[in-house]
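Here is what each chain is made of, one letter per residue.
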Amino acid sequence: MTLKMQYKKLEQLKPDQRQAIEEQLGSMGDFSLACAFNIKPSALKRLRKKLGIQSVRESFNTYSIQWTPPKIKRLGSTFDTQLAREWGVRPGIVTDKRNSLGILPYQQQQLPAGDKGTIKHIWQPEEIALLGTDFDTVIASSIGVSPSTVTLYRNSMGIDPFSERSPIEWSQEMLDHLGEVSDLEFAEYFGISYVSARNKRILMDIPNAVTGELTPLPQLCAAAIKKLGKITDLEISRQYNFIRYNIRLVRQYYGIPPLSPPKKGRKYDWNKKIINKMGKSSDRDLAIEFNIPKGLISRKRRQLGIPLNQAAASFEWTAIMLKQLPLMAPPFFAQSFKVDLSVVRQKLTELNITAHQGPKHWLDDELALVGTHTDAHIAKLLNLNTTLVRLKRRELGIASFRKNGPFDWQPQDIALLGKYTDAEIGYKLGLHPSAVGKTRTRLKIAPCNRLSGQYEKLIE
């Protein structure tokens, strides 16, 4: 992609180019195909969906799940959110499936003292099915009860409140392509807000695709920075007249947790059973078990001087992670290796390592690998983000990896044709998917249009 981001329109392509694109849709990733023809990824996505072609990576997202009898049997046995975390999918998928089968949501038998209420309304199954599907105030109006009655009952069922926009779940595919195109184009392709795309890129120290430079953090005055995490972002915004999401971005970049004061009038009986479990179980697990907001548990634990449960002790630090620890900014390291930022900072303190600031520092042995194989393969070897490797290769002026001369197809390579997608085989053999497709067509082998489910095994 050029820095100017001057994309061609599909209508401007020659017939043979349009045909070549349509033949590769579904066997080659949208972004790779967009890069090859200088077309907007979002335009190719719309074309692929119009033609009814499945995405290369669609089976890897968290929007679908294979409903086996054991999974269905567990519906309603515990909170939907807990099952969703266990199965690695979005809570809405679990809730929708449970509702479609007429299974009532799990209801905790007893609420903590101080949060009990005399609920006179007798909830009908069709009313329970509405919980979490719209704002509590809207549901309350439709069934003729107070909003607090709806909120209290929904909380007792462990059902998340309704949100017009669900929290963004950043898949590896999204992270791989962050910074490859403009933030606006990225947001359009993945259906998220521009601010979310921009802020995520800044948090991960990824340069802007248009300028090729890192986007600086918003400037806050020293007084405002000192109050991050000590008062709410909203209060800082009011006191110093800064935009609220800029305050949140700076706070997140430096790994400062937000202050979430308890709601007025809400009291809890902090009995020995709850307190004895603090520091032994995660705050999130305790919140689910006792139906208490996680923020209140975290605050109470800190007031009592109880350290967080020993996540760092149970977390397995690999040799690759320890090697990268002093080379990455803590927020970027936490994002890349999916570890809590507090665990990263604790490890830095334990090893007496000064936290790295700014873009990742590249070692000589890492730089020597760039360009010797595909960016995705090098990223897998180094346990890094593919985009990070690709950007470094372009910065060094190294051409993308291509094998010299015609590829020598061995019997074991030919045996893969038709069993895996052209993109999967191309990744394993270091070939462009179109080269794989031409060989497959020449041998009159039908394409594999759906991922085999053995992708990780294939590329090992």
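The following paragraphs examine the structure supplied in this document. Keep in mind that what you see is a predicted model, and the values were worked out from it rather than measured.

Rules behind the numbers
- Each chain carries its own residue numbering, running from 1 in the direction its sequence is written.
- In keeping with the predicted nature of the model, local features appear solely for residues at pLDDT of at least 70, side-chain atom pairs appear and are counted solely at 80 or more, and the whole-chain, interface and lining totals rest on all residues.
- Where side-chain values are given, they derive from all heavy atoms of the structure, hydrogens and water being excluded.
- Burial classes follow relative accessibility: with a 1.4 Å probe on protein chains only, a residue under 20% of its type's maximum area counts as buried, one over 50% as exposed, and anything between as partly exposed.
- Each helix corresponds to a stretch of at least 4 residues labelled H or I by DSSP, and each strand to a stretch of at least 2 residues labelled E; elements are numbered beginning at the N terminus.
- Any two residues whose heavy atoms approach within 4.5 Å are treated as being in contact.
- The angle between two axes is taken between their N-to-C directions and runs from 0 to 180 degrees, where each axis is a line fitted to C-alpha atoms and a helix contributes only its stretch in contact.
- Just so you know how the angles are binned, under 35 degrees is roughly parallel, over 145 roughly antiparallel, 65 to 115 roughly perpendicular, and the rest oblique.
- What makes a crossing left-handed is the near helix being turned counterclockwise from the far one by less than a right angle; a clockwise turn instead makes it right-handed.
- Note on definitions: salt bridges are taken to be side-chain nitrogens of Lys or Arg within 4 Å of carboxyl oxygens of Asp or Glu.
- The arc in question is formed by the directions pointing from the helix axis toward the C-beta atoms.

Considering helix α12 (residues 194–203)
- Here α12 lies mainly inside the structure; 7 of its 10 residues are buried.
- Among the residues of α12, those classed as buried are Ala-197, Arg-198, Asn-199, Lys-200, Arg-201, Ile-202 and Leu-203.
- Where α12 is buried, its residues contact α10 (172–177), α11 (183–190), α15 (244–253) and α21 (330–337).
- Count one or two residues on from α12 and you reach Asp-205, which has phi positive near 55 degrees.

Brief notes about the packing of helix α3 (residues 41–50) against α11
- Interhelical geometry of α3 versus α11 gives an angle of 20 degrees and a closest axis separation of 8 Å. One way to sum up the angle between α3 and α11 is to call them roughly parallel. Of the two possible hands of crossing, α3 and α11 adopt the one that is left-handed. Of the residues in α11, those in contact with Pro-41, Ser-42, Lys-45, Arg-46 and Arg-48 of α3 are Glu-185, Glu-188 and Tyr-189.

Thoughts on the pattern of salt bridges
- Within this structure, the stated rule accounts for 8 salt bridges.
- Close ionic contact of Lys-392 with Glu-395 constitutes a salt bridge, the shortest N to O distance being 3.2 Å. On the criterion of helical spacing, the pair formed by Lys-392 and Glu-395 is a turn pair, its members being 3 residues apart in helix α25 (residues 386–395).
- Its relative accessible area of 15% is what places Lys-392 among the buried residues.
- You can call Glu-395 exposed: its relative accessible area is 58%.

Here's the deal with unusual backbone geometry
- Of note in this structure, Asn-383 is not a glycine but carries a positive phi near 60 degrees.
- You can see Asn-383 is positioned in the loop between α24 (375–382) and α25.
- Residue classification places Asn-383 among the partly exposed positions, given a relative accessible area of 35%.
- Phi is positive for Lys-444, which is not a glycine, with a value near 60 degrees.
- Along the chain, Lys-444 turns up in the loop between α28 (433–442) and α29 (455–459).

Examining helix α14 (residues 233–240)
- When α14 is considered as a whole, its buried residues turn out to be Asp-233, Ile-236 and Ser-237. Taken down its axis, α14 places every buried residue within 100 degrees of arc, on the same side.
- Check the buried side of α14 and you find it contacts α13 (222–226) and α15.
- Positive backbone phi, approximately 60 degrees, marks Asn-241, located one or two places after α14.

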